[in-house]
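# Examining the three-dimensional arrangement
Each chain, written out:
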Amino acid sequence: MNVTFADISLARQGTLAVLVTEGASLRGVAADLDAKLGGALKRAMKAANFSGKSGTVLELVGPQGVSASRVVLAGLGKSGDLSGAGLEKAGGELAGRAAKAKESSLSIVLDGISAPKMPAADAAAHVALGAKLRSYRFDKYKTKKKDDDKKGDLKSLTVLTRAPATARKQYAPLAKVAEGMFLTRDLVNEPANILHPGEFAKRAKALTRLGVKVEVLGEAQMKKLGMGSLLGVGHGSEHESKLIVMRWSGGKPGEKPVAFVGKGVCFDTGGISLKPAASMEDMKGDMGGAACVTGLMHALAARKAKANVVGVIGVVENMPDGKAQRPGDIVTSMSGQTIEVINTDAEGRLVLADALWYTQDRFKPKFMIDLATLTGAIMIALGKEYAGLFSNDDKLSKQLSEAGEAEGEKVWRMPMGEAYDKAIESRFADMKNVGGRDGGSITAAQFLQRFVNKVPWAHLDIAGTAMASPQTATNQSWGSGWGVRILNRLVADHYEH
Ligand code: BES
Ligand code: MN
Ligand code: ZN
């Protein structure tokens, strides 16, 4: 979908939508439109009891007096409650509606609408972002497009505003963030027979085009580095495990980078500790953390973020096989610490152990944030509303919580501590990879913490938010793209200059 901004004009084709706040009488452009329609809007509002409540719409199909094929009034709720998220939702809903009606073009008028502390141009940019995020489709494997599947053919969106030039400028970086989110969604939606570690590496390599330096380490190199923990997970797979390093140097030369680390299990069968069949297909999304880091690198590079950033992802496949690792096996991680693998299905932490150690060892970052679809237990704790946040650093935690609130990608800080750490003590090795049912997400985080070497660190357990989350006005995709926005905002607000 092509997004443009233009001066307000009512001579439009396709759907012409006007955003109105609750209780406001028709003013400005809305009043002009009503006049062109011979008062039909006012009559319809009265007849339908339309007052502009958030999420409500009033639609006139084939109206006389205008060139548009439909006129839609869309309610935004009370003007005092208006937020970026609310405007995105309105943009998303209108785009969804227009697409469903098989319209190819949509114009949304914003006149005199601005949220508290948000200039009109900003509001216009958020409406456009909402519509853009809604327009995402992953239908490349549908060879017979049924009528119903054709929704989403909306070709162009024009946001009509009194400040089109400023809106265009505000929207430009948001569009790059949307691109990054689409990359993340694509990677998560892609099935594991297509997106194996080699293919993932190819897609990461494509970021070179944006100025990202991409290195791909194979098994021989990882073996040399002593990454026995990561390598053990891929033993049963026909696909070579990869460690992918992406670097964006938009900051001052020589300045320490910030680092993002992702779990990239292209498919998680559980390995010898095989998962049950029900919903196992969802485990094609077990590389959601790595997908987020890749999408984030895209967003940051595409908008030329003034920061030095590294993204490191461990990309493997967890399969049962004659060569697969067994429960009871003991592996030695790059840190030198040994791990007794009690359950081969607790593989994400084994991948991250080496990826985290490698990242702090090589890059000495200001902080490390890892993202992982790590535990089913985080969904028991938090559902799909919040991602779990675990951290050894209050400042980083606060920054993440605030960035998450601002972007609608919320995180909830979970406790950590010695009592939980005890649960992963092993009889035979330095630690074991599971700590029992109680506090399953926390003991997983304790495990990771043993590989961060005291660097400021945060772990985001995104098992509930990265995939199969409820569909919203701005996300209809199975892979949600969760994480790109919160981390992009974290970098923008605190680590750019
Ligand atoms: N990838 C799973 C976690 C997961 C489950 C993500 C469902 C998304 C949806 C992870 O590797 C896993 O299998 N975790 C186990 C850990 C257990 C063996 C300690 C789990 O959560 O059951
Ligand atoms: Mn697993
Ligand atoms: Zn997993």
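Rules and cut-offs
- Sequence order as written defines residue numbering, which begins from 1 separately in each chain.
- By the order in which they are written, chains take letters starting at A while ligands take numbers starting at 1.
- Residue-level local features of this predicted model are given only where pLDDT is at least 70; pairs of side-chain atoms are given and counted only at 80 or more, and the full residue set underlies all totals for whole chains, interfaces and linings.
- Only hydrogens and water are removed before side-chain values are computed, so all heavy atoms of the structure are retained for them.
- Strands are runs of DSSP state E lasting at least 2 residues, helices are runs of H or I lasting at least 4, and numbering of each runs from the N terminus.
- All radius of gyration figures rest on C-alpha atoms, and the globule criterion is 2.2 Å times the number of residues raised to 0.38.
- Type-normalised accessible area, obtained with a 1.4 Å probe on protein chains alone, sets the label of each residue: buried when under 20%, exposed when over 50%, and partly exposed for intermediate values.
- Here a strand pair is declared whenever DSSP counts at least two bridges between the two strands.
- Axis definition: a line fitted to C-alpha atoms, over the contacting stretch in the case of helices. Angles run 0 to 180 degrees between N-to-C directions.
- Any Lys or Arg side-chain nitrogen found within 4 Å of a carboxyl oxygen on Asp or Glu counts as a salt bridge.
- Donor atoms: N, O and S within 2.8 Å of the metal, or within 3.2 Å for Na, K and Ca. Because water is excluded, sites can look incomplete.
- Here a site with four donors is tetrahedral if all angles are between 85 and 135 degrees, and a site with four or six donors is square planar or octahedral if opposite donors are over 155 degrees apart and the other angles are between 65 and 115; anything else gets the irregular label.
- What the arc covers is the set of directions going from the helix axis to the C-beta atoms.
- Residue contacts are defined here by distance: any two heavy atoms, one from each residue, within 4.5 Å place the two residues in contact.
- Residue proximity to a molecule or strand is established when one non-hydrogen atom of the residue lies within 4 Å of it.
- Two N or O atoms count as a polar contact when they lie within 3.5 Å, although within protein this holds only if one can serve as hydrogen donor and the other as acceptor, and sequence-adjacent residues are included solely when both atoms are side-chain atoms.
- Areas reported here follow the Shrake-Rupley algorithm with a probe of radius 1.4 Å; residue values treat only the protein chains shown as occluding.
- Note on residue classes: Ala, Val, Leu, Ile, Met, Phe, Trp, Tyr, Cys and Pro are nonpolar, Asp, Glu, Lys and Arg are charged, and everything else, Gly too, is polar.
- Marked domain ranges trace back to an automatic or database domain assignment.
- Each of two parts loses accessible area, computed with a 1.4 Å probe, when they are put together; buried area is these two losses added.

### So, the overall build of the protein
Tallying secondary structure elements over the protein gives 15 helices and 17 strands in all. Relative to the 2.2 N^0.38 estimate, which gives 23 Å for 497 residues, the radius of gyration of the protein is 25 Å and therefore close to what a compact globule would have. Judged by the C-alpha coordinates and their principal axes, the protein covers about 85 × 50 × 40 Å. The buried share of the protein, reckoned over its 497 residues, is 57%.

### Considering the sheet that holds strand β10 (residues 308–318)
The strand order β7-β8-β10-β9-β13-β17-β14-β15 describes an open sheet built from 8 strands, whose pairing is mixed. Since the sheet does not close on itself, it has two edges, and those belong to β7 (213–217) and β15 (410–413), each with one partner. Shown here is a sheet whose adjacent strand axes are inclined to one another by a mean of 20°, direction ignored. The pairing of strand β13 (residues 368–372) with strand β17 (residues 457–461) spans 5 bridges and is parallel. Paired with Ala372 across the two strands is Asp461, which belongs to β17.

### Structural notes on the pattern of salt bridges
Summed over all chains, the structure comprises 29 salt bridges. Its salt-bridge partner being Lys42, residue Asp34 comes within 3.7 Å of it at the nearest N-O pair. For Asp34, a relative accessible area of 5% puts it in the buried group. Between Asp394 and Arg413 there is a salt bridge whose closest N-O contact spans 2.9 Å. On the criterion of sequence distance, the pair formed by Asp394 in helix α12 (residues 394–407) and Arg413 in strand β15 is long-range, its members being 19 residues apart. For Asp394, a relative accessible area of 57% puts it in the exposed group. Bridged by salt links that share partners, the residues Glu88, Glu407, Arg485, Arg489 and Asp493 form one connected network.

### Observations concerning the coordination of the manganese ion (ligand 2)
Coordination of the manganese ion (ligand 2) by the protein is provided by Asp268 (OD), Asp345 (O), Asp345 (OD) and Glu347 (OE), with metal-donor distances spanning 2.1 to 2.2 Å. Coordination at the manganese ion (ligand 2) is irregular: its 6 donor atoms span angles of 71 to 167° at the metal. Along the chain, the residues donating to the manganese ion (ligand 2) are arranged with the sequence spacing D-x76-D-x1-E. Between the manganese ion (ligand 2) and the zinc ion (ligand 3) the interatomic distance amounts to 3.1 Å, and Asp268 serves as a bridging ligand to the pair. In this pair, Asp268 sits in strand β9 (residues 258–268) while Glu347 sits in the loop between β12 (338–340) and α10 (348–363), placing the two residues 79 residues apart along the sequence. Residues Asp268 and Glu347 agree in their burial class; the two are buried.

### Some details on the coordination of the zinc ion (ligand 3)
Taken together, Lys263 (NZ), Asp268 (OD), Asp286 (OD) and Glu347 (OE) make up the protein donors of the zinc ion (ligand 3), found 2.0 to 2.4 Å from the metal. For the zinc ion (ligand 3), the 6 donor atoms in the first shell make angles of 79 to 174° at the metal, so the coordination geometry reads as octahedral. Look at Lys263 and you get buried, because its relative accessible area is 2%.

### Focus on helix α2 (residues 40–48)
Listing the buried residues of α2 in full gives Ala40, Leu41, Ala44 and Met45. Around the axis of α2, the buried residues are gathered within 135° of arc, so they sit on the same side. In α2, the exposed positions angled more than 90 degrees off the buried face are occupied by Lys42, Arg43, Lys46 and Ala47. Of the surrounding elements, those touching the buried residues of α2 are α1 (28–36), β3 (57–61) and β4 (70–75). Where α2 ends, the next residue or the one after it, Asn49, has phi of about 60°, a positive value.

### A look at the sheet that holds β12
With respect to topology, 3 strands assemble into an open sheet ordered β11-β12-β16, the strand pairing being mixed. In the strand order of this sheet, the two ends are held by β11 (330–332) and β16 (431–432), each with one partner. Bridging between β11 and β12 involves 3 bridges; their strand directions are antiparallel. Paired with Val331 across the strands is Ile339, a residue of β12.

### Considering the site of ligand 1
In the region of ligand 1, 17 residues are neighbours, and Lys275, Asp286, Asp345, Glu347 and Gly376 sit closest. Within the side chain of Asp286, one N or O atom sits 2.8 Å away from a nitrogen atom of ligand 1. Between ligand 1 and the protein, one listed contact pairs a nitrogen atom with a backbone N or O atom of Leu374 at 3.5 Å. Taking 520 Å² as the accessible area of ligand 1 by itself, protein coverage stands at 77%. Across the shell around ligand 1, the residue classes break down as 6 nonpolar, 4 polar and 7 charged.

### Some words on unusual backbone geometry
For Lys102, which is not a glycine, the phi torsion comes out positive at approximately 60°. Structurally, Lys102 is set in the loop between α3 (84–100) and β5 (105–109). One non-glycine residue, Ala468, lies in the positive phi region at around 55°. Among the structural elements, Ala468 can be located in the loop between β17 and α15 (484–494).

### Quick look at the pairing of strand β6 (residues 156–160)
Within a regular beta strand, the side chains point alternately toward one face of the sheet and then the other, so they alternate between its two faces. Burial analysis of β6 places 4 of its 5 residues in the buried class, the great majority of the element. In the sheet, strand β1 (residues 2–6) pairs with β6 via 5 bridges, with the strands oriented parallel. Bridging from a neighbouring strand, Ala6 pairs with Leu160 of β6. Relative to β6, β5 is paired through 5 bridges, and the arrangement is parallel. Across the sheet, residue Ser107 finds its bridge partner in β6, namely Thr158.

### Examining the domain arrangement of the protein
What the domain assignment lists for the protein is domain 1 (2–162) and domain 2 (179–494). Using only C-alpha atoms to locate each centre, domain 1 and domain 2 end up separated by 38 Å. If you look at the interface, domain 1 gives 14 residues, while domain 2 gives 15 residues. Of the roughly 1200 Å² buried between domain 1 and domain 2, counting both surfaces, carbon and sulfur atoms make up 61%. The interface formed by domain 1 and domain 2 holds 2 salt bridges in total. Run the count over domain 1 and domain 2 and you get 7 residue pairs in polar contact (both at pLDDT 80 or more).

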